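Overview (structure and organization)
Each chain, letter by letter, is given below.
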Amino acid sequence: RAEVVINDSSSPAVVDRSNESIKHNIKPASSKWRHNQTLSLKIRKQILKFLDAEKDISVLKGTLKPGDVIHYVFDRDSTMNVSQNLYELLPRTSPLKGKQFPTCAIVGNSGVLLSSGCGPEIDAHSFVIRCNLAPVQEYSQDVGMKTDLVTMNPSVIQRAFEDLVNETWREKLLQRLHSLNGSILWIPAFMAKGGKERVEWVNELILKHRINVRTAYPSLRLLHAVRGYWLTNKVHIKRPTTGLLMYTLATRFCNQIYLYGFWPFPLDQNQNPVKYHYYDSLKYGYTSQASPHTMPLEFKALKTLHQQGALKLTVGECD
Ligand code: CTP
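Since we're looking at a predicted model, the values are computed, not measured. (Residues numbered from 1 in each chain as written. Predicted model: local features only at pLDDT ≥ 70, side-chain atom pairs only at ≥ 80, totals over all residues. Heavy atoms only, no water.)

1. Here we look at the overall build of the chain
We count it as follows: Runs of H or I in DSSP of at least four residues are treated as helices and runs of E of at least two as strands, each being numbered from the N terminus. Exposed residues in this analysis have more than 50% of their type's maximum accessible area, buried residues have under 20%, and partly exposed residues fall in between, with area computed by a 1.4 Å probe over protein chains only. Whether two residues are in contact is decided by their heavy atoms, any of which lying within 4.5 Å being enough. To be clear on the numbers: accessible area is Shrake-Rupley with a 1.4 Å probe, and residue cover counts the displayed protein chains and nothing else.
The secondary structure content of the chain amounts to eleven helices and eleven strands. The burial tally for the chain puts 54% of its 319 residues in the buried class. Sequence-distant contacts, at least 24 apart, represent 71% of the contacts inside the chain between residues at least 6 apart. For the chain, the exposed area adds up to about 15000 Å²; of that, 50% sits on carbon and sulfur atoms.

2. Quick word on the pattern of salt bridges
Our working rule: Here, a salt bridge means any side-chain nitrogen of Lys or Arg that lies within 4 Å of a carboxyl oxygen of Asp or Glu.
Here the structure, examined in full by the defined rule, presents nine salt bridges. The salt bridge partner of Glu54 is Arg252, with a shortest N-O separation of 3.6 Å. One end of the pair, Glu54, is in helix α2 (residues 53–56); the other, Arg252, is in helix α10 (residues 242–253), with 198 residues separating them in the sequence. Among the ionic pairs, Asp68 bridges to Lys65, the shortest N-O distance being 3.1 Å. Of the residues examined, Asp68 reaches a relative accessible area of 17% and is grouped as buried. Looking at Lys65, the relative accessible area reads 53%, which means it is exposed. Salt bridges sharing common partners tie together Asp52, Glu54, Lys55 and Arg252.

3. Overview of the site of the ligand
Where we set the bar: One heavy atom within 4 Å of a molecule or strand is enough for the residue carrying it to be called near that molecule or strand. Under this definition, polar contacts are N or O atom pairs within 3.5 Å; protein pairs additionally need one hydrogen-donor-capable and one acceptor-capable atom, and for neighbouring residues in sequence, both atoms have to be side-chain atoms. For this classification, the nonpolar set comprises Ala, Val, Leu, Ile, Met, Phe, Trp, Tyr, Cys and Pro, the charged set comprises Asp, Glu, Lys and Arg, and every other residue, Gly included, is treated as polar.
Around the ligand lies a shell of 18 residues, among which Asn109, Asn132, Asn153, Gly243 and His277 are the nearest. Between the ligand and Gly243 there is a distance of 2.9 Å, counted from an oxygen atom to a backbone nitrogen or oxygen. Tyr276 has a polar backbone atom sitting 3.0 Å from a nitrogen atom of the ligand. Residues belonging to the shell around the ligand are distributed by class as follows: six nonpolar, eleven polar and one charged.

4. Thoughts on the packing of helix α1 (residues 37–48) against α10
When two helices pack together, you describe them by how their axes are tilted relative to each other and by the distance separating the axes. Going by this rule: Helix axes use the C-alpha atoms of the stretch in contact, all axes being lines fitted to C-alpha atoms, and the angles between their N-to-C directions lie in the range 0 to 180 degrees. What sets the label is the angle itself: under 35 degrees gives roughly parallel, over 145 gives roughly antiparallel, 65 to 115 gives roughly perpendicular, and the rest give oblique. By definition, turning the near helix anticlockwise from the far helix through less than a right angle yields a left-handed crossing, and turning it clockwise yields a right-handed one.
As a packed pair, α1 and α10 sit with axes 9 Å apart at the nearest point and diverge in direction by 110°. On the basis of their axis angle, the class for α1 and α10 is roughly perpendicular. Judged by the sense of rotation from one axis to the other, the crossing of α1 with α10 is left-handed. Within the contact between the two elements, α1 uses Ile43, Arg44, Ile47 and Leu48 and α10 uses Tyr247, Thr248, Thr251, Arg252 and Phe253.

5. With respect to helix α8 (residues 196–208)
Put simply, the rule reads: What a helix is expected to span follows from its residue count: subtract one and scale by 1.5 Å. As used here, the arc is the angular range of directions from the helix axis to the C-beta atoms.
Between its first and last C-alpha atoms α8 spans 18 Å; for 13 residues at 1.5 Å apiece the expected length is 18 Å, and the two agree. Within α8 the residues assigned to the buried category are Arg198, Val199, Val202, Asn203, Leu205 and Ile206. Burial along α8 is one-sided: seen end-on, the buried residues are contained in an arc of 160°. Of the residues in α8, the exposed ones pointing more than 90 degrees away from the buried face are Glu197 and Lys208.

Honestly, that's just the spatial picture; any functional story needs more than this.
Here you go:
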């Protein structure tokens, strides 16, 4: 059976120290993982002291009006005005209001998903969260199709849709948005000034083509609150990744949380190369000084939570 637990206690005789994944020595032993309900509830309570996912998942219509000035979270000196389109797309009530799900999947974008066969298992969860509009159709066997919430950093428009330079790319984005079919599209619109135009393009497309998505725009305080929670728990992250943000939010409305596609290492436990993303040719950049993320550090924290039964990490094959 391919589910795994992560076990630090034994090390192979020959250790390639250039590969961080070795430290995360993973062995098949699914039967050992048990959900720790008490710990999950405790974590939910602790996180609630910093943020409330129900509220912080999106700014609501009642709290802003067109023309309001917003200071970007990472570029405090730069401002944006709330456009008419953005205002129209703000939800009236939280898309997570009163929601509780028995099991949730959070699907990260690591290439470790390739050949995992995890698609059916992922799709069987009650609520499935995906990151950065990652494609699903061509990879459904490994990543599944069900999408209840998908994030979209504005940079995705540049990276995956060529900044909509021509009709072909515009059409590709349109098709991807249409395929979301009622799910929540979570757009961090107030983080960095660089995303301004891209957010506006997407907002315009959604309205013009009456795309069936429920848009959500995270609160201005979310990132600092998430960072604060993890700092208090001695996880010194510079800027939480989308995956960690999603886990932190999910603790509020998910009873059990299952993580797939979280593996920020270039080699798997068998020393085979792993793509950074399952769907493109982006290279590992997290080790560079310039990168705002500290994914291996995050992974270590998630691994500890896995060992304690607060969440389940799957980094190998599914049944
Ligand atoms: N992830 C991972 N290992 C990888 C790639 C991604 O664990 N090799 C996880 C991270 O938690 C990440 C999430 O999957 O946040 C989604 O991947 P990606 O789209 O690359 O997200 P980010 O890098 O966080 O995007 P951004 O830099 O735009 O925040």
